[in-house]
Structure formats: C-alpha cells, structure tokens
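Chain by chain, the residues:
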Amino acid sequence: MATTTIRIEDDLKARVAAAARHDGKTAHAFILEAIQILTHSPLIGRPSKDGKRELVIGRATRGHVALYRYVAAIDTVFVLAVRAQREDGY
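Residues numbered from 1 in each chain as written. Predicted model: local features only at pLDDT ≥ 70, side-chain atom pairs only at ≥ 80, totals over all residues. Heavy atoms only, no water.

**Student:** Please explain the overall build of the chain as it appears in this structure.
**Tutor:** On a plain count of helices and strands, the chain comes out with 2 helices and 5 strands. The helix and strand sequence of the chain, counted from the amino end, reads β-α-α-β-β-β-β. Surface accessibility of the chain: about 5800 Å² in total, with carbon and sulfur atoms responsible for 53%. (Helix = DSSP H or I, 4+ residues; strand = E, 2+ residues; numbered from the N terminus. Areas by Shrake-Rupley, 256 points an atom, 1.4 Å probe, with all protein chains shown as cover.)

**Student:** What's the story with the environment of Ile 74 in this structure? I'm lost.
**Tutor:** When you line up the elements, Ile 74 lands in the loop between strand 4 (64-71) and strand 5 (76-84). Residue class for Ile 74 comes out exposed when judged on its relative accessible area of 51%. Measuring from C-alpha to C-alpha, the distance between Ile 74 and Thr 5 comes to 8.6 Å, with 69 residues separating the pair along the chain. (Buried < 20%, exposed > 50% of the residue type's maximum accessible area, 1.4 Å probe, protein only.)

**Student:** Looking at this structure, how should I read the pairing of strand 3 (residues 53-57)?
**Tutor:** Of all 5 residues in strand 3, 4 are buried, a share of seventy percent or more. Inspection of the sheet shows strand 2 (residues 46-47) paired to strand 3 by 2 bridges, in the antiparallel sense. Within the sheet, the bridge partner assigned to Arg 46 lies in strand 3 and is Glu 54. Where strand 2 hands over to strand 3, the hairpin turn is made up of 5 residues, of which Asp 50 adopts a positive phi near 55°. Bridge count between strand 3 and strand 4: 5 bridges; the pairing is antiparallel. Paired with Ile 57 across the two strands is His 64, which belongs to strand 4. (Pairing = 2+ DSSP bridges.)

What follows is the structure, encoded as structure tokens:
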C-alpha cells in the first residue's frame, strides 16, 4: 500500500508553531502527529465544502480541526488550515 504525500502550507506551519507557543510543545507535536494519519487514510476526515475535508484532532478546549483537500490523482493531501475547535471559520 502506497503512502499518501502530505503538504502543509507555509502560513499553516506558522500557525501551528504559534499554537505550540500558546499551548506548549505537546500541542504542536499532537497536531502534527494527528495529521500523519492522513498518509494512510486520506478520506478519514468529515466532508466539508468544495470537496475539502476536516480532520478533528483532540476535543474540547484542547481540540483542533484541520481543513484539507485530498487529490487522488496525485495521491496528495494538502493541509490548508488548522483552527481551535472553539474558533469560527478558518
């Protein structure tokens, strides 16, 4: 079984780094670790608008949601945004 490629946008990398400063290094590692599930199960996230999907990471006040798009033709996941579950929008 092939492994799906994951691409994380540059502005998202900065946001995840900011989350790590706010929530501690464990939050940063937890988010990146959770996103890695997409390498083997790119369709695991719930469907969202415009062919995008959302991966729920953690829960409650410590939870996050990653917005991504899976392009099957090139077997690649593009992680577009990460937000806290309590935030509105991306």
